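If you want the building blocks of each chain, they are given just below.
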Amino acid sequence: MVLFNAVATLADFLAGEGSRLKKRAAIAEAIAAAEAEDPGGEGSGLFAQYLAGLPFAEADPRKLNAGGALLTKAMLKATGATDAALTAAYRRHGDLGAAAFELMQGVSRAASLSLGEVCAAFGAMATARTTAARAATLDGLLDRGTPAEVKYLVKLMLGDMRIGVKQSLVEEAIAVAAGAEVGAVRHAVMLEADLADATRRAFDGTLGEARMRLFHPLGFMLASPVETPEEAVERFTAKPEKVAKPKKGKKAADEAELDEGVEAAPVSAEARPVEAFLEDKYDGMRAQIHCGDLAEPGRVAIYSRNREDITESFPELEEAFAAVLPDVDGPMILDGEILAWDYKDSRALPFAVLGTRIGRKRVSNEVRTQVPAVFMAFDLLYAKGELQLEHPLRVRRNRLETIVEQMVDRVVSPFAVDEREKGRQQVMFLGEKDAGVARLMLSPSRLVESAEDIDRAYADARARANEGVMLKAADSAYLPGRRGLAWVKLKRELATLDVVITGAEYGHGRRATLLSDYTFAVRGPGGELLNVGKAYSGVTDAEILELTESLKAHTLEDRGHFRTVEPLIVLEVAFNNIMRSGRHASGFALRFPRILRLRTDKPVEEIDTLERVEEVYLSQVDRPVES
Ligand code: AMP
């Protein structure tokens with residue numbers, strides 16, 4: 001029997017250990033010890049899963065339903081503390097688990113809680129019919145825990161252990177503990193999304209028997225930016241040594257970890273013609289659709305880039321993809337972009353329109369009709385019982401085309417549904433006129449020829465109101481969770497504006513004492529200054545320091561956190577687009593503004609005008625309005 005105390009003890013050690021290698025060795029040792037204590041049992045697997053901060057396996061749809069409110073109540077009971085004491089402890093630590101530990105300092109109890117008992121309690125909480133029943137189970141669990149156990153039980157239930165351990169490190173440790181290949185462990189976890197099962201398989205030598213399960217998100221492959229069509233061409237024709245520049249230093253290591261690794265160059269050693277597919281870069285919401293499952297025909301799941309299940313927010317897609325037939329089309333996972341679609345003009349509506357639906361759970365007929373969602377498919381991750389990731393893009397693309405062609409006419413759903421039928425499975429079509437519209441589209445894609453070709457395609461994409469273009473190496477595998485060099489994105493700045501700083505604000509964290517957020521203006525028709533945006537990214541630390549001094553010296557009005565300043569400093573700013581907005585005096589706002597440089601060379605008299613802002617605004621194919 002493996003005790004939860006083993007998780008708590010190791011977690012405490014890991015929280016104070018900086019070395020990744022030492023962490024991995026300690027985790028591996030503990031997993032091996034758990035296996036020795038419970039040979040062939042569930043101990044080692046649960047140990048790995050809990051250490052990774054997962055109350056349930058990712059493939060397990062159960063939810064604890066234990067949010068901060070329920071946990072706080074249970075903690076008050078378990079610790080006997082007052083509301084005020086708990087609040088104060090929480091303020092000190094910024095973490096409920098650590099607060100519980102502090103409040104339980106007087107408690108001395110022998111560790112007795114087993115991992116199996118924790119697992120059973122979590123299961124009971126997930127299926128509890130009432131909050132009272134869930135609370136009772138939770139109380140029972142906390143009442144048995146030592147202070148350290150309660151600390152980590154709470155953290156685990158909140159899904160964040162805060163011990164500097166990512167799942168990928170636990171996967172490595174499992175491999176070390178069981179003497180298995182780390183690649184094989186990762187592959188099994190990717191297929192089955194169950195760290196505990198993968199641990200069991202690693203010890204049993206059955207990692208190779210893991211089979212794909214639908215309804216858990218795979219990692220999304222991402223693209224690296226390029227500035228020009230020429231740079232894009234170079235990426236796909238250059239020799240690998242030139243392409244794959246490993247980043248150095250700690251920051252680079254952190255970034256690499258964030259993106260779960262930087263891949264090697266996708267091209268062969270020989271310089272050769274461009275072998276890349278070109279597609280529009282859509283400004284929608286990246287998503288993965290799982291459907292056509294043999295065991296659960298009609299079930300559809302849609303996942304967002306941050307692995308959230310967003311199916312509820314797009315019922316028209318769920319209804320449409322429910323028509324994918326397991327025995328004809330087969331189970332599949334599609335990668336693509338959810339777009340708000342203008343059926344009249346056959347093009348995507350601006351992101352700002354789709355944005356109104358994000359996070360919305362109840363989708364009314366009005367929303368369905370005004371912001372119709374489609375899925376623009378551009379990759380195939382799983383089809384007909386076979387994971388497609390390792391096939392080159394040209395093969396995946398071919399298969400995707402065949403599949404889409406075969407089912408596109410069936411993947412339809414009406415603009416509006418009969419409200420009275422909601423809640424029942426059946427969807428009513430509202431008369432003949434609304435017999436359903438296509439919800440699945442295939443992103444047009446073709447092999448690219450040259451830099452000029454990319455240039456034209458970019459202009460065409462912008463004319464269709466898309467963001468830019470994507471280029472994807474034709475022979476590249478799909479690397480889940482990677483921002484690699486096999487995919488690049490080209491989205492040039494619209495234009496830049498030269499503006500003057502009129503206000504400054506103190507930053508946060510490291511920048512709390514520095515004026516690091518700048519409000520800036522353009523010149524109005526009467527020579528007056530009109531604010532048009534606010535930006536904080538793009539200046540170096542040294543520049544911020546310098547700007548802080550100068551802005552303090554030229555403050556017109558000090559309102560504490562914010563200061564209005566004399567208009568003396570000119571900046572060049574870039575942005576994704578301009579929208580009409582009541583937020584600033586100019587009547588416009590820049591979306592995602594970034595400071596490109598300080599223009600010490602430019603006098604304030606020569607900054608851009610409101611007229612120029614209007615011109616850039618009008619040059620945009622779609623003109624977003626702030627929602
Ligand atoms: P970014 O958000 O700028 O890092 O760009 C990556 C995002 O581009 C992806 O997550 C997708 O949402 C989006 N995207 C738009 N069109 C495509 C496409 N044709 N292929 C791949 N990603 C695309």
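Looking at an unreviewed UniProt entry, the protein carries the name DNA ligase, with the source organism given as Granulicella pectinivorans. As recorded by UniProt, the Sequence similarities (unreviewed entry) comment attached to the protein reads in full: "Belongs to the ATP-dependent DNA ligase family." Reading the Catalytic activity (unreviewed entry) entry of the UniProt record for the protein gives the comment "ATP + (deoxyribonucleotide)n-3'-hydroxyl + 5'-phospho-(deoxyribonucleotide)m = (deoxyribonucleotide)n+m + AMP + diphosphate."

Helix and strand content of the protein: 22 helices and 23 strands. For the protein, the C-alpha radius of gyration of 28 Å lies close to 25 Å, the compact-globule estimate for 627 residues. With respect to the principal axes defined by its C-alpha atoms, the protein has extents near 75 × 65 × 60 Å. The 627 residues of the protein split such that 51% are buried.

So, about helix α9 (residues 147-157). Extensive coverage of α9 is indicated by the burial of 11 of its 11 residues. Among all positions of α9, only Pro147, Ala148, Glu149, Val150, Lys151, Tyr152, Leu153, Val154, Lys155, Leu156 and Met157 are buried. In this structure, the buried side of α9 is in contact with α1 (4-15), α3 (43-51), α4 (68-79), α6 (96-103), α7 (115-127) and α8 (131-144). A positive phi of about 75 degrees marks Gly159, the residue just after α9.

Within the open sheet, the five strands sit side by side as β1-β14-β13-β2-β12. Their pairing is mixed. Every other strand in the sheet has two partners, leaving β1 (222-226) and β12 (446-447) as the edge strands with one partner each. Pairing geometry for strand β2 (residues 276-281) and β12, over two bridges, is antiparallel. The residue of β12 that forms the bridge with Leu278 is Arg446. Together, β2, β12, β13 (468-473) and β14 (483-490) form the strand contacts of helix α20 (residues 451-463), whose direction differs from that of β13 by roughly 135 degrees.

Let us now look at the nonpolar core. For soluble globular proteins, the rule of thumb is that nonpolar side chains tend to be buried together. Formed by 105 residues in total, the largest nonpolar core has its most connected members in Phe47 and Phe122. Sorting elements by how many residues they give to this core places α9 first, with seven residues. The next biggest cluster of nonpolar side chains, apart from the first, holds 31 residues, and it includes Ile501, Leu515, Phe520 and Val539.

What follows concerns the confidence of the model for the protein. In low-pLDDT segments, the atomic positions of the prediction should not be examined closely. On average, residues of the protein score 88 in pLDDT, and 90% of them reach the 70 mark or higher. The model gives residues 240-271 a pLDDT under 50, and that stretch makes 37 contacts with residues more than four places away or in other chains. Note that residues 424-432 has pLDDT below 50 and, in this model, 16 contacts with residues that lie over four places away or in other chains.

Considering the arrangement of structural elements, one finds Arg439 in the loop between β10 (437-438) and β11 (440-442). Buried charged residue Arg439 carries no salt bridge. Nearest counter-charge: Glu316, at 4.1 Å. A distance of 2.8 Å separates polar atoms of two side chains, one belonging to Arg439 and the other to Ser413.

Moving on to a negative patch on the surface. Residues Glu308, Asp309, Glu312 and Glu318 make up a contiguous surface patch of negative charge. Relative to the elements of secondary structure, Glu308 occurs in the loop between β4 (301-304) and α16 (315-321).

Okay, the pattern of salt bridges next. This structure, assessed with the given rule, holds 43 salt bridges. Glu172 serves as the salt-bridge partner of Arg24, at 2.7 Å between the closest nitrogen and oxygen. Linking Arg24 in helix α2 (residues 20-37) with Glu172 in helix α10 (residues 167-178), this pair joins segments that are 148 residues apart in sequence. A relative accessible area of 25% means that Arg24 is categorised as partly exposed. When its relative accessible area of 11% is taken as the criterion, Glu172 is described as buried. Its salt-bridge partner being Arg162, residue Asp160 comes within 3.4 Å of it at the nearest N-O pair. Given a relative accessible area of 38%, Asp160 falls into the partly exposed group. The structure contains a network of salt bridges with shared partners spanning Arg20, Arg24, Glu171, Glu172 and Arg186.

Calculation criteria
Counting starts from 1 at the beginning of each chain's written sequence and moves along it residue by residue. Reporting of local features is limited, given that this is a predicted model, to residues whose pLDDT is at least 70; pairs of side-chain atoms are given and counted only at 80 or more, and all residues count toward the totals for whole chains, interfaces and linings. Remark: hydrogens and water are excluded; side-chain values derive from all non-hydrogen atoms of the structure. UniProt positions are given in the numbering used here, feature names are shortened, and annotations may be inferred rather than shown by experiment. Helix and strand labels come from DSSP, where a helix needs a run of H or I of at least four residues and a strand needs a run of E of at least two; each type is numbered from the N terminus. The globule rule used here is 2.2 Å times the number of residues to the 0.38 power, and the radius of gyration it is set against is calculated over C-alpha atoms. Three labels apply to residues, based on accessible area from a 1.4 Å probe with only protein chains included: buried if under 20% of the type maximum, exposed if over 50%, partly exposed otherwise in between. Here, two residues are considered to be in contact whenever any of their heavy atoms come within 4.5 Å of each other. Two strands pair if DSSP finds at least two bridges between them. In this analysis, axes come from line fits to C-alpha atoms, helices being fitted only over the stretch in contact, and the angle between any two N-to-C directions falls in the range 0 to 180 degrees. In plain words, nonpolar cores are sets of buried Ala, Val, Leu, Ile, Met, Phe, Trp, Tyr and Cys residues tied together by side-chain atoms within 4.5 Å. You can read pLDDT as the predictor saying how much it trusts each residue, on a scale of 0 to 100. For the purpose of charge, His is not counted, nor are the chain termini; Lys and Arg are scored as positive and Asp and Glu as negative. Salt bridges are counted wherever a side-chain nitrogen of Lys or Arg sits within 4 Å of a carboxyl oxygen of Asp or Glu. Pairs of N or O atoms within 3.5 Å make up the polar contacts considered here, provided that, within protein, one atom can donate a hydrogen while the other can accept it, and that residues adjacent in sequence are counted only when both atoms are side-chain atoms. Two distance rules govern patches: like charges are joined within 9 Å, and nonpolar side chains (Val, Leu, Ile, Met, Phe, Trp, Tyr) within 5 Å, applied only to residues with over 30% relative accessible area and no salt bridge. The method behind every accessible area is Shrake-Rupley, applied with a 1.4 Å probe, and residues are considered shielded solely by the protein chains displayed. To locate a charge, take NZ of a lysine, CZ of an arginine, CG of an aspartate or CD of a glutamate.

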